[in-house]
There are 2 protein chains.
Amino acid sequence: MNRAYPSTLLENAVDELSALPGVGRKTALRLSLYLLRREPEYAERLGTALQALRRDVKYCRTCHNICDTDLCDICADTSRDHSTVCVVENVKDVMTVENTAQFRGLYHVLGGIISPIDGIGPADLEIDSLVKRVAEGEVREVVLALSTTMEGDTTNFFIYRKLSAYPVRVTVIARGVSIGDELEYADEVTLGRSILNRVEFNDAI
Amino acid sequence: MNRAYPSTLLENAVDELSALPGVGRKTALRLSLYLLRREPEYAERLGTALQALRRDVKYCRTCHNICDTDLCDICADTSRDHSTVCVVENVKDVMTVENTAQFRGLYHVLGGIISPIDGIGPADLEIDSLVKRVAEGEVREVVLALSTTMEGDTTNFFIYRKLSAYPVRVTVIARGVSIGDELEYADEVTLGRSILNRVEFNDAI
């Protein structure tokens, strides 16, 4: 026997699992053998959950966050501030900002950031729909909350220019020394930005 | 919104994925969001592969290794030595021993080792079927290749006693200093066993 796996079913499962990010063939084998030890219903539930997620997922018609209906819970929530829109890269970032409990406005999920190396241009992102949302007039502030990388900055600038034709305030999340960081370990670009963008002591507490 | 996930489909997928060993909720979320970025066919294939593995897996009627039919490729291979049977704990160990390319006999998969703490007794393992296999007379040597732990030693001893009624040679894989190890880092129990079980220099190369 020169085959790597004793069963083609096992080989298939390992092949498919190892296509996931961070899952190598050893981990895929371990997970597959674990499935064999669990009750049969678990594999059924797992398989169905993954297929249903991909097949039936819906995206909010306004903010493009994923949701169960065609309008997400956040956009449907009338107690939130509909005049402020936070622009984020992906669904995960919506959850991250929500977890801070510091933002009561709505979101706009771009679906990525401009990255010529990865072949992602402005047309691949939900930028036109953001401009359209702003053009409708209800939005008074757009908060840019993208990664503080070259790609994030490029995307920020592109959006800023697109929105310059409209009477909307465009802000960007503060960059500065992380809370809990010792000053000597902060990089100088961040620290420099922290000093330039210093705020009134009264406002910072 | 006080929900942790924006979509119940996403929450289900995260719930089921995080039941896998070594997969926490953060990893499960990352994998779920990855699925959403991949083509829909991938999620279908992945789900089907996992369900098919658990639903349709077969075990060899002789050695209990997993296989596609009711007799595994190894047991069906007439060019292998059918008089030597290597006893291993699980399917993974068959693959591990096969990868050494040093064993041309057959296997017997116990499905675990005796472990009172985990509630696993001899009756939960394929020990009776091993004894039956030996009783049929074709097997002349049983090689015990279990983990070198307390549980492995207990299981080895239990099998040795069960087989003592039959004219079969029972051997155990050599324990000793790993190849590539420096002697000063070998633990003393292993080194002691290495010295006791020393072999003729001519045989070791």
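Residues numbered from 1 in each chain as written. Chains lettered and ligands numbered in written order. Predicted model: local features only at pLDDT ≥ 70, side-chain atom pairs only at ≥ 80, totals over all residues. Heavy atoms only, no water.

If you check an unreviewed UniProt entry, chain A appears there as Recombination protein RecR from Tannerella sp. oral taxon BU063 isolate Cell 6/7/9. Quoted verbatim from the Sequence similarities (unreviewed entry) heading of the UniProt record, the comment on chain A is "Belongs to the RecR family." (UniProt positions renumbered as here; feature names shortened; annotations may be inferred.)

Enquirer: Account for the relation of the copies chain A and chain B, naming residues and giving values.
Expert: Superposition record for chain A on chain B: RMSD 0.1 Å, screw rotation 180 degrees, translation along axis 0.0 Å. Taken together, the rotation angle and the small translation identify this as a two-fold axis. Closest approach to the rotation axis within chain A is made by the C-alpha atom of Gly47(A), at a distance of 1.8 Å. Taken as a fraction of all interface residues of chain A, those also at the interface in chain B reach 100%, which identifies the copy contact as same-surface. (Least-squares fit on C-alpha atoms with pLDDT ≥ 70 in both. Contact = heavy atoms within 4.5 Å.)

Enquirer: Before we move on, can you summarise the UniProt feature "zinc finger region: C4-type" (unreviewed entry) in chain A with the specific residues and values?
Expert: Those residues carrying the UniProt feature "zinc finger region: C4-type" (unreviewed entry) are residues 60–75 of chain A in this numbering. Taken end to end, residues 60–75 of chain A is 19% helix and 12% strand, and its first and last C-alpha atoms sit 8 Å apart. (Helix = DSSP H or I, 4+ residues; strand = E, 2+ residues; numbered from the N terminus.)

Enquirer: Residues and numbers for the domain arrangement of chain A, please.
Expert: Domains assigned within chain A are domain 1 (8–56) and domain 2 (74–173). Computed over C-alpha atoms, the centres of domain 1 of chain A and domain 2 of chain A are 35 Å apart. (Domains from an automatic or database assignment.)

Enquirer: Go over the pattern of salt bridges, please, and point to the residues and values.
Expert: Within the structure shown, the criterion is met by 20 salt bridges over all chains. Measuring nitrogen to oxygen at the nearest pair gives 3.4 Å for the salt bridge that ties Arg169(B) to Glu141(B). Placement of the pair is Arg169(B) in strand 6 (residues 169–172) and Glu141(B) in strand 5 (residues 141–144), with a sequence separation of 28 residues. Classification of Arg169(B) by relative accessible area gives exposed; the value is 54%. Taking the relative accessible area as the measure of exposure, Glu141(B) reaches 19% and is therefore buried. Shared partners join several salt bridges into a network, and the residues in it are Glu16(A), Arg38(B), Glu39(B) and Arg45(B). (Salt bridge = Lys/Arg side-chain N within 4 Å of Asp/Glu carboxyl O. Buried < 20%, exposed > 50% of the residue type's maximum accessible area, 1.4 Å probe, protein only.)

Enquirer: Give me the lowdown on the interface of chain A and chain B, citing residues and values where you can.
Expert: Between chain A and chain B, the residue contacts involve 55 residues of the former and 55 residues of the latter. When chain A packs against chain B, the two sides together hide about 5,400 Å² of surface, and 67% of this comes from carbon and sulfur. Taken together, the links from chain A to chain B amount to four salt bridges. The residue Arg55(A) makes a salt bridge to Glu44(B) at a minimum N-O spacing of 3.2 Å. Across the contact surface, chain A and chain B share 20 residue pairs in polar contact (both at pLDDT 80 or more). Contributing elements (two or more residues each) for the side of chain A that touches chain B: helix 1 (8–17), helix 2 (25–37), helix 3 (40–56), strand 2 (66–67), helix 4 (73–76) and helix 5 (91–100) of chain A. Here the side of chain A that touches chain B takes 16 residues from helix 3 of chain A, the largest share from any one element. Classifying every residue of the side of chain A that touches chain B by side-chain character gives 32 nonpolar, eight polar and 15 charged. (Buried area = accessible area lost by both parts, 1.4 Å probe. Polar contact = N/O pair within 3.5 Å; in protein donor to acceptor, adjacent residues only side chain to side chain. Nonpolar A, V, L, I, M, F, W, Y, C, P; charged D, E, K, R; others polar.)

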